[in-house]
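Residue strings, one per chain:
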Amino acid sequence: MNRLEKIWEYLQNNLSNFGVGIVTMLVAVLAARLVYGILRNQVVKRSNQKLLWILLADVAWAAVIVAGLALAVRIAFGVDITQYIFVSAGVLSVVMGFAFKDLGENFVAGFILALNPPFKVNDYIEYKGIIGQVYEISIRAVHIITPDGKEVYIPSAGLIKNEFASLNFNGILRFGFALPLAFGF
């Protein structure tokens, strides 16, 4: 019973801190929504890579929410949880690093292709026996269309790590075809 009395006394003494903590969290939520809305609206107006920048707006929203939560807990309970947030973020980054290894590899390879492109849009390339015309070059993959109309996405890392041929690097392209003839013709 004595313990319950101490808890009740603590709650009565710190009720104002709880109220300020709740208000702080509400302000953080409103600020996060404002940051998200501003970033997303600016992205829609100015960028052709909307998905990447909307992801950035989501990350900014989450960062404001986490910062607001840390501040609200500090005010309401007097406990500093930032070290736990940073430890959790470190562990999460290691786990995500292993989980998204291929994605990160393609991202870096895409930048390498963008800085030093060995081919351009409308060039013909051959990669692992697939010949096609380059339709689009993005950070993640190169989109080619084969002569028979198939759409093929080649990961950027695959082009960096493996051999491929640019078939019209010098502006000359040779096409071959099989012509069946009767015996003795």
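Residues numbered from 1 in each chain as written. Predicted model: local features only at pLDDT ≥ 70, side-chain atom pairs only at ≥ 80, totals over all residues. Heavy atoms only, no water.

Draft legend 1. Main features of the overall build of the protein chain. Along its length, the protein chain carries six helices and five strands. Moving toward the C terminus, one meets the helices and strands of the protein chain in the order α-α-α-α-α-β-β-β-β-α-β. Relative to the compact-globule value of 16 Å for 185 residues, the protein chain shows a C-alpha radius of gyration of 28 Å, a clear excess of over 25%. Counting only C-alpha atoms, the protein chain reaches 110 × 35 × 30 Å along its principal axes. (Helix = DSSP H or I, 4+ residues; strand = E, 2+ residues; numbered from the N terminus. Rg over C-alpha atoms; globule rule 2.2 N^0.38 Å.)

Draft legend 2. How the structure looks around helix α1 (residues 2-13). Taking 1.5 Å as the rise per residue, α1 with twelve residues should run 16 Å; its terminal C-alpha atoms sit 17 Å apart, in good agreement. Of all twelve residues making up α1, only zero are buried, and the element is barely covered by its neighbours. (Expected span 1.5 Å × (residues − 1). Buried < 20%, exposed > 50% of the residue type's maximum accessible area, 1.4 Å probe, protein only.)

Draft legend 3. Examining the nonpolar core more closely. Among the nonpolar cores identified, the biggest contains ten residues, and these are Leu 113, Phe 119, Ile 125, Tyr 127, Val 134, Val 142, Ile 144, Val 152, Ile 154 and Leu 159. When residues of this core are traced back to their parent elements, those giving at least two are β1 (124-127), β3 (141-145) and β4 (151-155). Apart from residues lying up to four places away in sequence, Leu 159 is in contact with Leu 113, Phe 119, Tyr 127, Val 142, Ile 154 and Phe 164. (Core = buried A, V, L, I, M, F, W, Y, C linked by side-chain atoms within 4.5 Å. Contact = heavy atoms within 4.5 Å.)

Draft legend 4. Region of interest: the pattern of salt bridges. In the structure shown here, the tally under the stated rule is five salt bridges. Here Lys 161 makes a salt bridge to Glu 105, at a shortest N to O gap of 3.0 Å. Taken together, the residues span a long stretch of sequence, with Lys 161 in helix α6 (residues 156-161) and Glu 105 in helix α5 (residues 101-115) at a distance of 56 residues. The exposure class of Lys 161 is exposed, given its relative accessible area of 56%. Classification of Glu 105 as partly exposed rests on a relative accessible area of 27%. Note that Asp 148 is salt-bridged to Lys 150, the shortest N-O span being 3.9 Å. The exposure classification of Asp 148 matches that of Lys 150, with both residues exposed. In the salt-bridge network here, residues are joined through shared partners; they are Lys 101, Asp 102, Glu 105 and Lys 161. (Salt bridge = Lys/Arg side-chain N within 4 Å of Asp/Glu carboxyl O.)

Draft legend 5. Focus on the packing of aromatic side chains. All chains considered together, the criterion is met by three aromatic pairs. Seen from their ring centres, Phe 107 and Phe 111 are 4.9 Å apart, and the 85° between their planes marks the pair as edge-to-face. Pair noted here: Phe 107 and Phe 111 are both in helix α5, with a separation of four residues, about one helical turn. On the numbers, 5.5 Å between centres and 90° between planes, the contact of Phe 119 with Phe 164 is edge-to-face. With a gap of 45 residues between them, Phe 119 in the loop between α5 and β1 and Phe 164 in strand β5 (residues 164-166) connect regions that are remote in the sequence. (Phe/Tyr/Trp six-rings, centres within 6.5 Å; stacked < 30°, edge-to-face > 60°.)

Draft legend 6. Region of the structure containing the sheet that holds β4. In spatial order, the strands read β4-β3-β2-β1-β5; together these five strands make up an open sheet with antiparallel pairing. The outermost strands of the open sheet, each flanked by one partner alone, are β4 and β5. Pairs of neighbouring strands in the sheet enclose a mean axial angle of 40°, with direction left out of account. Where β1 and β5 come together, three bridges link them in antiparallel fashion. Residue pairing for β5: Ile 125 is matched across the bridge by Ser 166. (Pairing = 2+ DSSP bridges. Axes fitted to C-alpha atoms, helices over the stretch in contact; angles between N-to-C directions.)

Draft legend 7. Spatial organisation of the pairing of strand β2 (residues 130-137). Both β1 and β2 contribute to a ladder of four bridges, which runs antiparallel. If you follow Tyr 124 over to β2, its bridge partner there is Gln 133. From the end of β1 to the start of β2, which pair antiparallel, there are two residues, and Lys 128 there has a positive phi angle of about 50°. In the sheet, β2 pairs with β3 via four bridges, with the strands oriented antiparallel. Each residue of the ladder has a partner; that of Gln 133, found in β3, is Ile 145. Remark: three residues form the turn of the hairpin made by β2 and β3, two consecutive strands paired antiparallel.

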